[in-house]
Amino acid sequence: MASFGGRLYELLFSVFSDDFSRGEILHNIIGHTGSGSDSEVGAALDALLGLVHSHNAALRPFSIYVKTVMDYLANLKHKHIRKLFTVLSELSIHTQVHF
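Keep in mind it's a predicted model, so treat the numbers as computed, not measured.

Calculation criteria
- Residues numbered from 1 in each chain as written.
- Predicted model: local features only at pLDDT ≥ 70, side-chain atom pairs only at ≥ 80, totals over all residues.
- Heavy atoms only, no water.
- Helix = DSSP H or I, 4+ residues; strand = E, 2+ residues; numbered from the N terminus.
- Buried < 20%, exposed > 50% of the residue type's maximum accessible area, 1.4 Å probe, protein only.
- Expected span 1.5 Å × (residues − 1).
- Salt bridge = Lys/Arg side-chain N within 4 Å of Asp/Glu carboxyl O.
- Axes fitted to C-alpha atoms, helices over the stretch in contact; angles between N-to-C directions.
- Parallel < 35°, antiparallel > 145°, perpendicular 65-115°, else oblique.
- Left-handed = near helix turned anticlockwise from the far one by under 90°.
- Contact = heavy atoms within 4.5 Å.
- Nonpolar A, V, L, I, M, F, W, Y, C, P; charged D, E, K, R; others polar.
- Phe/Tyr/Trp six-rings, centres within 6.5 Å; stacked < 30°, edge-to-face > 60°.
- Lys NZ or Arg CZ within 6 Å of the ring centre and 35° of its normal.

Take the environment of aspartate 71 next. In this structure, aspartate 71 sits in the loop between α5 (63-67) and α6 (78-98). Judged by relative accessible area, aspartate 71 falls into the exposed class, the value being 63%.

So this is what it looks like as structure tokens:
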């Protein structure tokens, strides 16, 4: 069920093109990363990873939101930390390449 929610967030991000809606969607995804539920955190990070792969340019203006996931670092498992750093590095690499 959590993976369905993550996929739904990805689709919502692609449907809504205004900054306010996209910011709210990211705010909700990031909120799930601090939930403490293993499947919920994993699904939220999978959604962020999917957004980095499919909507990197659209996600770049919101990179500061994505970086706030670092606030939950102490509560994340190793597999989630690896996924988070994959998201951050891919967002950073694509940002540098396109400038």
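Along its 15 residues, helix α2 (residues 19-33) runs 21 Å from first to last C-alpha, staying within 8% of the 21 Å computed at 1.5 Å per residue. The complete set of buried residues in α2 reads Ser21, Arg22, Gly23, Ile25, Leu26, Ile29, Ile30 and Thr33.

This part is about the pattern of salt bridges. Here the structure, examined in full by the defined rule, presents four salt bridges. Salt-bridge contacts for aspartate 46 lead to lysine 83; the nearest nitrogen and oxygen are separated by 2.6 Å. A residue pair is termed long-range when its members are at least 10 positions apart, and aspartate 46 in helix α3 (residues 38-54) and lysine 83 in helix α6 qualify at 37 residues. Residue lysine 83 is classed as partly exposed on the basis of its relative accessible area of 23%.

So, about the packing of helix α1 (residues 2-15) against α3. Relative to each other, α1 and α3 sit at 30°, their axes nearing to 8 Å. The orientation of α1 with respect to α3, classified from their angle, is roughly parallel. Helix-helix and strand crossings are classified by hand; for α1 and α3 the assignment is right-handed. Here Ala2, Ser3, Gly6, Glu10 and Phe13 of α1 lie close against α3, whose contacting residues are Ser39, Glu40, Ala43, Asp46, Ala47, Gly50 and Leu51. When its residues are assigned to classes, the contact of α1 with α3 shows five nonpolar, four polar and three charged.

This part is about the packing of aromatic side chains. In total, this model carries two aromatic pairs according to the counting rule given. Summarising the aromatic geometry, the rings of phenylalanine 13 and phenylalanine 62 are spaced 6.3 Å apart at their centres and angled 80° between planes, so their arrangement reads as edge-to-face. Of the two residues, phenylalanine 13 sits in helix α1 while phenylalanine 62 sits in the loop between α4 (56-59) and α5, which places them 49 residues apart along the sequence. The exposure classification of phenylalanine 13 matches that of phenylalanine 62, with both residues buried. With a centroid separation of 5.9 Å and 20° between ring planes, the pair formed by phenylalanine 62 and tyrosine 65 is classed as stacked. Relative accessible area serves as the criterion here: at 6%, phenylalanine 62 is assigned to the buried category. Residue tyrosine 65 is classed as partly exposed on the basis of its relative accessible area of 36%. Among the aromatic residues, those joined into a ring-pair cluster are Phe13, Phe62 and Tyr65. The ring of phenylalanine 13 has arginine 22 lying over it, and the distance from NZ or CZ to the ring centre is 4.5 Å.

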